[in-house]
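Below, each chain spelled out in residue letters.
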Amino acid sequence: MSKLFISCALPYANGPCHLGHLRSTYIPADIYARYNRMTGVDTLMVCSTDEHGTPIAVRAEQEKKNPKDITDIYHEIIGNDLKSCNISLDSFRRTTDEIHYKMAQDFFLDLYNKGYIYEKVIDQLYCDECKRSLPDRYVEGTCPYCESEGARGDQCEVCGRHLNPTDLVEPHCLICDNTPHIEQSKQYYFKLHEFEQPLKEWINSNEHLPKNVKNFAKEWLNDGLKDWIMTRDMNWGIPVPLNDAEGKVLYVWAEAFEGYQSSAASWANKHNLDWKEYWDDKTVHFIGKDIIYHHTLFWPSMLMGRGWNLPYSVVGGGYLSLEGRKMSTSKGWVIWVEDFLKKFDSDLLRYYMVINAPLNKDTDFSWDDFQRRVNNELTDNLGNFIHRTFTFTNKFFDGKIPEMGSYTDEDKEFEEKIKALPDVVANYIDNFQFREGLQGIMSLTKEANKYFNDKKPWKGVKEDIESAKTCINLSNQLVHVLSIVLTPYIPISVQKIRKVLNMPTEHVDGFMKFEERTPLVKWDEAKEFLPAGYEINSAKPLFSKIPDEIIKEEKDKLYSLEEENKENEDDNMSDLISIDEFGKVKLVVGQIKEAQKIDGSKNLLKLQVDLGKEVRQVVAGIAKRYEVDELIDKKVIVVANLQPAKLFGVESNGMLLATDSMELLTTEGNVGEYIK
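Fair warning: this is a prediction, and the values are worked out from it, not measured in the lab.

Next up on the list: the overall build of the chain. When you go through the chain residue by residue, the secondary structure sums to 21 helices and 23 strands. With respect to the principal axes defined by its C-alpha atoms, the chain has extents near 95 × 65 × 45 Å. Burial analysis of the chain (676 residues in total) assigns 55% to the buried set. Taken as a whole, the chain presents about 30200 Å² of accessible surface, with 46% of it coming from carbon and sulfur. Mean positive and mean negative side-chain charge positions of the chain (83 and 109 charges, respectively) differ by 3 Å.

Here's what the structure looks like:
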């Protein structure tokens, strides 16, 4: 029997799950797992909570708690969120498990002993007040690229640039607010550059990698790979297993990957199995697109270094926005899983998250669209067809599937589509096209309703009983097929259908129980028609329409939270400014007359810019993009009415317009000329 190892991205143990987590990772992974189990593949699906890293450590210090106290709470909450959506994990563990510590340290040591990890002395920020080096999330400051305040030591949320703590302008310690200074520190680096060519070969030749994942990875490869830091100066984390590395822990991305394997090992040890048999046969990672490069570059290179099999595929799900805006957990612009399931069944969420857009695309959650799809597609289309079929069978044929009667071209065409559906859906799921598989199902149920209406069995039972028999027989055959091919998508609802069909039902809610890993329902059963005379039970409607007042209540709740947090609301997808607001920005053509580097900064240049009536001093984060000499006499566009700011202790009286890649926007206009 073939084996399959499925991993879900590790949720960070500092908050509950929201709908975006489910859409990008856990629902797709569960569809794939349930389908493979039904086709006879010995499937192992694992996950863990990611419990190390600086965000948790910072929060713990700010709240004067032990980090483990925080992760204890959220491990349980996240587990309950995933169970409530029927994510059939075989193992849900923690990166604070003893077995994980050992496996992560062994992984590091193996790479170190093979010469793939080396020591390097680097500049780090040091806080005299706290008496320690400051890892990335312990520091905030001004972004050297876009000059936004509040940039973190690892990334600027405004321009999206990756940062190092030493890149920040006017940095401050998040714990004591002191200004840190640069000190040298010994850290351990992984020789990522040595794997650039084999990574290119793997990515280019792997036909199982989705296109969006390949393209994302290639962008990073085209820029060239730089060696990757593996350690941090911290107390919270997995200690570096070397004698001269006291006070250092493994960087969270140097050990979190092994959370897949340690979770599998915990499960395998309990059941006297070998987790590597699953890994070595076929491994698929389900993640969000924000960590694609981690799973297509960093992790595969570490596996290459260890000599272990690489993943069969990495499936990266797109982002989920909310009512047209970027989700913000800190500002309350979010729907938590627990809150959603207080009002709606998990299958409604699973259906909407899949049908709304292809997995490789970003999509939006809209309460109005959610209501429309549930009412029109699940209730009026799928549910209506199933209920009509069951009702007519019970009313006119004593609850037994009638034998086939007369046989028209219309009947034959409908029958062929029913027989083809299992293979159509299987092909889509095999290729991670989960939405397309569900669309194929829903498209046929729509045709089935038309077929039912055209055949008019309510007239046929009086005027053409042979036609009515064929219609009701084929309709029941489709319902039987639906009770199988819909199982990966809406497993709870399917059990209700199977109960009416007098078919074996399964325990499909919560995590997977070891003794239930082999499903009662096999995919190939969808290719077998039920015999004439097969008896069914009476039925109730499968789905109910969502009334307008429920949707209004949910929207009001969401927007009331927005109102409460309005003063702190972050940038979102639909931020608009009025023409009056834009009119306040003064854009002037300037010409750079002088340029020089600023001591201590790798990114900032001090410029003297002629604005016609005056020469302004402007500090710009373009040192990595331009040589000083090539800037002289370049005509640029200057925001001329910004409040003065100090960057690296140097006063700046304006801002130059540039692209994300720090390419200046230039012009042929006259110096001092205002841009309208």
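Here the narrative resumes.
When the terminal C-alpha atoms of helix α4 (residues 98-113) are compared, their 23 Å separation across 16 residues agrees well with the 22 Å that a helix rising 1.5 Å per residue should span. Looking at α4, one finds that the buried residues are His-100, Met-103, Ala-104, Phe-107, Phe-108 and Leu-111. Down the axis of α4, the sector holding all buried residues measures 135°, keeping them to one side. Opposite the buried face of α4, by more than 90 degrees, sit the exposed residues Glu-98, Lys-102 and Asn-113. Looking one or two residues beyond α4, the residue adopting positive phi is Gly-115, at roughly 85°.

Turning next to the UniProt feature "binding site: ATP" (unreviewed entry) in the chain. Feature annotation in UniProt places "binding site: ATP" (unreviewed entry) on Thr-329, given in this structure's numbering. The topology assignment puts Thr-329 in the loop between β15 (320-322) and α11 (337-340). Since its relative accessible area comes to 46%, Thr-329 is described here as partly exposed. In this structure Thr-329 touches His-18, Val-334 and Trp-336, once residues within four positions along its chain are discounted.

Here we take up unusual backbone geometry. Positioned with a positive phi, Lys-131 is a non-glycine residue whose angle comes to about 60°. With respect to the helices and strands, Lys-131 occurs in the loop between β4 (117-127) and β5 (132-133). Among the residues examined, Lys-131 registers a relative accessible area of 64% and is labelled exposed. Unusually for a residue other than glycine, Asp-633 sits at a positive phi of about 75°. Asp-633 gets classed as partly exposed once you look at its relative accessible area, which sits at 44%.

The subject of this paragraph is the nonpolar core. Leu-82, Trp-228, Phe-365, Phe-370, Phe-434 and Leu-607 are the most contacted members of the largest nonpolar core, which has 198 residues in total. What Phe-434 contacts, discounting residues up to four positions off in sequence, is Pro-28, Ile-31, Tyr-32, Phe-286, Val-354, Leu-359, Ile-429 and Tyr-489. Residues Val-169, Ile-598, Leu-604 and Val-619 belong to the second largest nonpolar core, which totals six residues.

So, about the domain arrangement of the chain. When the parts of a complex come together, some accessible area is lost, and that lost area is often used as the size of the interface. Splitting the chain by domain gives domain 1 (3-90 + 253-341), domain 2 (107-233), domain 3 (379-535) and domain 4 (579-674). For the pair domain 1 and domain 3, the summed buried area comes to about 2200 Å², and 69% of that belongs to carbon and sulfur atoms. Sorting the residues of domain 1 by area buried against domain 3 places Ile-31, Tyr-35 and Met-38 first, and these three jointly supply 34% of that buried surface. The partner of Asp-90 in a salt bridge is Arg-517, and the shortest N-O contact between them spans 3.2 Å. Here domain 1 is connected to domain 3 by nine residue pairs in polar contact (both at pLDDT 80 or more). If you list the elements that add at least two residues to the side of domain 1 that touches domain 3, you get α1 (19-38), β2 (42-49), α3 (67-84), β13 (283-288) and β14 (313-317). The leading source of residues in the side of domain 1 that touches domain 3 is α1, at eight residues. Partitioned by chemical class, the residues of the side of domain 1 that touches domain 3 number 16 nonpolar, seven polar and six charged.

In low-pLDDT segments, the atomic positions of the prediction should not be examined closely. For the chain, per-residue confidence averages 92 on the pLDDT scale, and 96% of positions sit at 70 or higher. Confidence drops under pLDDT 50 across residues 567-574; counting only partners more than four residues distant or on other chains, this segment forms 16 contacts.

Our next topic: the side chain of Asn-653. Here Asn-653 is to be found in the loop between β22 (650-652) and β23 (655-656). With residues near it in sequence (within four places) discarded, Asn-653 still touches Arg-616, Gln-617, Val-618 and Pro-644.

On to the pairing of strand β6 (residues 139-142). Across three bridges, β6 lies against strand β8 (residues 169-173) in antiparallel orientation. Note on β8: the bridge partner recorded for Thr-142 is Val-169. Note: β6 against strand β7 (residues 151-152), two bridges, orientation antiparallel. What sits directly across from Gly-141, in β7, is Ala-151.

This next bit is on the sheet that holds strand β10 (residues 228-229). Sheet architecture is open: four strands sit in the order β5-β4-β9-β10, paired in antiparallel fashion. Lying at the two open borders of the sheet, with one neighbouring strand each, are β5 and β10. Bridging between β4 and β5 involves two bridges; their strand directions are antiparallel. Within the sheet, the bridge partner assigned to Cys-127 lies in β5 and is Arg-132.

With respect to topology, five strands assemble into an open sheet ordered β3-β2-β1-β13-β14, the strand pairing being parallel. Across the chains shown, the open sheet's two edge strands, defined by having one partner strand only, are β3 (91-94) and β14. Within the sheet, the average angular offset between the axes of one strand and its neighbour, ignoring direction, is 20°. Here α3 sits on the sheet and contacts β2 and β3; the angle it forms with β3, its principal contact strand, is near 165°.

Analysis parameters
Residues numbered from 1 in each chain as written. Predicted model: local features only at pLDDT ≥ 70, side-chain atom pairs only at ≥ 80, totals over all residues. Heavy atoms only, no water. Helix = DSSP H or I, 4+ residues; strand = E, 2+ residues; numbered from the N terminus. Buried < 20%, exposed > 50% of the residue type's maximum accessible area, 1.4 Å probe, protein only. Areas by Shrake-Rupley, 256 points an atom, 1.4 Å probe, with all protein chains shown as cover. Lys, Arg positive; Asp, Glu negative; His and termini not counted. Charge placed at Lys NZ, Arg CZ, Asp CG, Glu CD. Expected span 1.5 Å × (residues − 1). Arc of directions from axis to C-beta. UniProt positions renumbered as here; feature names shortened; annotations may be inferred. Contact = heavy atoms within 4.5 Å. Core = buried A, V, L, I, M, F, W, Y, C linked by side-chain atoms within 4.5 Å. Domains from an automatic or database assignment. Buried area = accessible area lost by both parts, 1.4 Å probe. Salt bridge = Lys/Arg side-chain N within 4 Å of Asp/Glu carboxyl O. Polar contact = N/O pair within 3.5 Å; in protein donor to acceptor, adjacent residues only side chain to side chain. Nonpolar A, V, L, I, M, F, W, Y, C, P; charged D, E, K, R; others polar. pLDDT = per-residue confidence, 0-100. Pairing = 2+ DSSP bridges. Axes fitted to C-alpha atoms, helices over the stretch in contact; angles between N-to-C directions.

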